[in-house]
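Listed below are the residues making up each chain.
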Amino acid sequence: MDIVTFCAEFTASLQRAMPSCASCVATLDPATNLLTGGFKYGDIEGRDEFDEQWGLVEYGQVEPTSFTELAHADVPAAGVHHATGGDVRRSARMRDLILPNLDCADELRLVARVSGRAWGGIALFGEQPFDAEDVAFVASLSEALATGLRAGILARLTLAPSSAVTGPAVIVVGADDEISQLSAGAQARLDELGLRGHTVTPQAVLGALVAGARRYGAGLTDALPRGRVHLPSGRWLVLHASPLSSPGGATGDVVVTIEDARPPEILPLVAAAFALTGRERDVIGLVLQGIGTTQIAATLHLSAYTVQDHLKSVFEKSGVSSRRELVSRVFLGQYAPRLGAEIAPSGWFLDD
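Note that the coordinates shown come from a computational prediction; the quantities given were computed from them, not determined experimentally. (Residues numbered from 1 in each chain as written. Predicted model: local features only at pLDDT ≥ 70, side-chain atom pairs only at ≥ 80, totals over all residues. Heavy atoms only, no water.)

> Teacher, can you tell me more about the packing of helix α11 (residues 278-287) against helix α12 (residues 293-300) here?
To characterise two packed helices, one gives the angle between the axes of the helices and the distance between these axes. Look at α11 against α12: their axes get within 10 Å of each other, and the N-to-C directions meet at 135°. Considering the angle they form, α11 stands oblique to α12. The interaxial crossing formed by α11 with α12 has right-handed handedness. Between α11 and α12, the contacting residues are R279, D282, V283, L286 and V287 on the first element and I296, T299 and L300 on the second. Class assignment of the residues belonging to the contact of α11 with α12 gives a composition of five nonpolar, one polar and two charged. (Axes fitted to C-alpha atoms, helices over the stretch in contact; angles between N-to-C directions. Helix = DSSP H or I, 4+ residues; strand = E, 2+ residues; numbered from the N terminus. Parallel < 35°, antiparallel > 145°, perpendicular 65-115°, else oblique. Left-handed = near helix turned anticlockwise from the far one by under 90°. Contact = heavy atoms within 4.5 Å. Nonpolar A, V, L, I, M, F, W, Y, C, P; charged D, E, K, R; others polar.)

> Looking at this structure, how should I read the sheet that holds strand β1 (residues 22-28)?
Note on sheets: strands pair through backbone hydrogen bonds, and any given pair is parallel or antiparallel. Across the sheet, five strands lie side by side as β2-β1-β5-β4-β3; this open sheet has antiparallel pairing. Looking at strand neighbours, the two that pair on one side only are β2 (35-42) and β3 (77-79), the edges of this open sheet. Taking the axes of each pair of neighbouring strands and ignoring which way they run, one obtains an average angle of 15° across the sheet. Looking at chain direction, β1 and β2 are connected through seven bridges and run antiparallel. Residue S23 lies in a different strand from β2, and its bridge partner there is Y41. (Pairing = 2+ DSSP bridges.)

> How should I be thinking about the state of the cysteines in this particular structure?
Note on terminology: disulfide describes a covalent bond linking the sulfur atoms of two cysteines. Summed over the entire model, instances satisfying the criterion amount to zero disulfides. C21 carries a free sulfur, and the closest cysteine sulfur to it, the one in C104, is 5.2 Å from it. The cysteine C24 is free of any disulfide, with C7 supplying the nearest cysteine sulfur at 9.4 Å. C24 gets classed as buried once you look at its relative accessible area, which sits at 16%. (Disulfide = S-S within 2.5 Å. Buried < 20%, exposed > 50% of the residue type's maximum accessible area, 1.4 Å probe, protein only.)

> Honestly, the environment of G148 in this entry has me stumped. Any pointers?
You can see G148 is positioned in helix α7 (residues 142-153). Using a relative accessible area of 12% as the deciding quantity, one classes G148 as buried. With 141 residues separating them along the chain, G148 and C7 place their C-alpha atoms 8.2 Å apart.

In structure tokens form, the structure reads like this:
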């Protein structure tokens, strides 16, 4: 299933087993755990006025029940009521965002993990506190949710690009969290992010990037926020942010850049989504370089038969039947339709 369909069916099934007044499924970049989109259901469906604030709160501080922290926790689920000893207002997310805007008593979080990577998560909002059995039950669904999200990312890989937006776009967000400057094409890029079937708006992703950049500027993390987003057209975008400063020091301003992802940024994510083993990734890396079976075997110190076995496994996982289809599916889907086009000053293909 594509992500839109899968998330709707997953939450409907979960609602029958564990009723909640509202829920939200988030998609994450498995390399950085940055928010890339999401879907709202129940009492929060159609409400987007707090999306940017959510991104700022979620990524602006450390909380044990945040998706970022749960991505590395021993148990991939947690209830805020249980985690705070019954005082949910100790959670800034509950105190400043959820309680003032949603008639609920607790939030239960789950991060969707498989093979050590987090592909997303779900938040359930309950009118009554969730107990330890609820947390344990939801935690048991982590791999199932991750597998569905991971497969959904690739459901539209082969569709051709259709956007006329070219080159990187730059957005400057001021210390007051308002957009102060936009480069040419930046609004179109934001519009692209809002046309993916997700009900979490681009403002939530923007807020997450801004908050992550400020944490980096404050020395609270050693990594700048970065995420890869897959569009329904089959194209990939990469988003990243960095804090700005003046000669006098930090200003609170943040610059956000959105651009088309290049092959080195896409291939690791696609390989992870196909659940390729380390050796299968080695083989596919050489295949993409146009290297034949005999040379691959010599390079990796394997027999030709073993290389063929690895290729057969890769073909089955990626749903192709030949090397040519494999290259198209994992590499050329975004680029082949533009081959032969002129190159713009940005270094990207110039559309007709």
